[in-house]
Amino acid sequence: MKKRLVSLLCALFILSICSISYASDGHELPWGKDFSTFKNLTFSHESNDIKYYVVKGEKVCEVTKVAAAKATYAFKGGKLYARIVNIFDSSDLDKLYKHFSESFGKSKVSIQDGWTVNKWTKGDVKIKLKEDIEGTVHKLTMYYMPLAD
């Protein structure tokens, strides 16, 4: 009986470590990688030497089970610079806010051009969770800071 209990506790411990690891790494993208290494991209537009591509089949955040959303990758100098996600359900915005707050701590909040913006930084990546003042448009943006000017 004791062996089973110890085995069960060990299994739960290992499972919890894997979950924590997945949660903290769930937002890792191949930042700075060359455009040619990506698949399922459809050109959207270009602005200020940054090319934007819509991503097909992108999972926004497996940990929070965010509903289907439109994801766009931005490439600067042919390297992955940013990811922009249009979030269609406001409850998903709440899930992401909670997840980022638990993973990276309290956000820095500001109002910018009609948007409420929550910001976190993890290593070289700046994360912004944005909602327009009316609460109708929601976006998650991530920027790879070494490629920022």
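The preceding data block contains the structure.
Residues numbered from 1 in each chain as written. Predicted model: local features only at pLDDT ≥ 70, side-chain atom pairs only at ≥ 80, totals over all residues. Heavy atoms only, no water.

**So, the nonpolar core**
Then, in step 1: Membership of the largest hydrophobic core comes to 23 residues, with the highest contact counts inside it found for Tyr73 and Leu140.
Then, in step 2: Of all the elements in the fold, those that place two or more residues in this core are β2 (50–55), β3 (70–76), β4 (79–87), α2 (90–104), β7 (125–132) and β8 (138–144). (Core = buried A, V, L, I, M, F, W, Y, C linked by side-chain atoms within 4.5 Å. Buried < 20%, exposed > 50% of the residue type's maximum accessible area, 1.4 Å probe, protein only. Helix = DSSP H or I, 4+ residues; strand = E, 2+ residues; numbered from the N terminus.)

**Some thoughts on the pairing of β3**
On a regular strand, each side chain points to the face opposite its neighbour's, so the side chains alternate between the two faces of the sheet.
Then, in step 1: Of all 7 residues making up β3, 6 are buried, and the element is well covered by its neighbours.
Then, in step 2: Pairing of β2 with β3 involves 6 bridges; the strand directions are antiparallel. When the sheet's bridge partners are listed, tyrosine 53 is paired in β3 with tyrosine 73.
Then, in step 3: Hairpin connection of β3 to β4: 2 residues between the antiparallel strands, including glycine 77 at a positive phi of 60°. (Pairing = 2+ DSSP bridges.)

**Observations concerning the layout of surface pockets**
Then, in step 1: If you add up the space inside the largest pocket, you get close to 240 Å³.
Then, in step 2: If you trace the largest pocket, you find 16 residues lining it, with Tyr52, Thr72, Ile84, Lys139 and Thr141 closest to the centre.
Then, in step 3: Counting residues per element, the ones that place at least two in the lining of the largest pocket are β1 (41–47), β2, β3, β4 and β8.
Then, in step 4: Ranked by residues supplied to the lining of the largest pocket, first place goes to β4 with 4 residues.
Then, in step 5: Per-class residue counts for the lining of the largest pocket are 8 nonpolar, 5 polar and 3 charged. (1 Å grid on protein atoms, 1.4 Å probe; cavity = no way out; pocket = protein on both sides within 12 Å on 5 of 7 lines; lining within 4 Å. Points joined across faces, edges and corners; volume = space filled by probe spheres on them. Nonpolar A, V, L, I, M, F, W, Y, C, P; charged D, E, K, R; others polar.)

**A look at the pattern of salt bridges**
Then, in step 1: A complete count under the given rule lists 3 salt bridges for this structure.
Then, in step 2: For aspartate 34, the salt bridge is made with lysine 79, and the minimal N-O distance between the two is 3.7 Å. Taken together, the residues aspartate 34 in the loop between α1 (2–25) and β1 and lysine 79 in strand β4 connect sequence positions 45 residues apart.
Then, in step 3: Look at aspartate 34 and you get partly exposed, because its relative accessible area is 32%.
Then, in step 4: A relative accessible area of 31% places lysine 79 in the partly exposed class. (Salt bridge = Lys/Arg side-chain N within 4 Å of Asp/Glu carboxyl O.)

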